[in-house]
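Remarks on the overall topology
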Amino acid sequence: MARSVCFVLLLCAAALAPAQRNDLWSNPGLAQRGISPGEQQLVLRQDLSACHGTAFERARGVEDEQKRKALGIALFKQCMSEKGWHAREAAPGKPAPKALRETAT
């Protein structure tokens, strides 16, 4: 039983991971209340988990896989929005440093 629950949660996370993979989440309401960044991260993890579970439960009755994924992502984003979280795309990282040239010594 425990294995099946873990498997379902893993599938849920895998199906909805594209919804948050490259997003940076911020909650202005938490910042305005003076909650520390560490506490905000804990709240974010709890909310991500709750929204993944809710979206999975509500979308799992859809037979078509593409429609189920799209519905799951939409439900996840709606849930996060209701909790006050806003996503933005991560800025592109710094380019890799150029390789050092060999010098004649």
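This write-up is about the structure you can find in this document. Remember, predicted model here, so these are calculated numbers, not experimental data. (Residues numbered from 1 in each chain as written. Predicted model: local features only at pLDDT ≥ 70, side-chain atom pairs only at ≥ 80, totals over all residues. Heavy atoms only, no water.)

A closer look at the packing of aromatic side chains
As enumerated under the stated definition, the model contains one aromatic pair in all. Here the aromatic rings of Trp-25 and Phe-76 are separated by 5.9 Å at their centres, their planes lie at 85 degrees, and the arrangement is edge-to-face. Of the two residues, Trp-25 is situated in strand β1 (residues 23–26) and Phe-76 in helix α4 (residues 65–82); the sequence distance between them amounts to 51 residues. The same class applies to Trp-25 and to Phe-76, which are both buried. (Phe/Tyr/Trp six-rings, centres within 6.5 Å; stacked < 30°, edge-to-face > 60°. Helix = DSSP H or I, 4+ residues; strand = E, 2+ residues; numbered from the N terminus. Buried < 20%, exposed > 50% of the residue type's maximum accessible area, 1.4 Å probe, protein only.)

Concerning the environment of Arg-68
If you trace the backbone, Arg-68 turns up in helix α4. Owing to a relative accessible area of 28%, Arg-68 belongs among the partly exposed residues under this scheme. Put simply, Arg-68 and Arg-58 are ten residues apart on the chain and 9.4 Å apart in space, counted from C-alpha to C-alpha. Arg-68 has contacts with Ala-59, Arg-60, Val-62 and Glu-63, leaving out every residue within four places of it along the chain. (Contact = heavy atoms within 4.5 Å.)

Considerations on the state of the cysteines
Tallied over the full model, the rule gives one disulfide. The disulfide bridge from Cys-51 ends at Cys-79, spanning 2.1 Å between sulfur atoms. The chirality of the disulfide connecting Cys-51 with Cys-79 is left-handed, given an S-S dihedral of about -70 degrees. With Cys-51 in helix α3 (residues 37–59) and Cys-79 in helix α4, this pair connects stretches of sequence that are 28 residues apart. Across the pair, Cys-79 and Cys-51 agree in class, each one buried. (Disulfide = S-S within 2.5 Å.)

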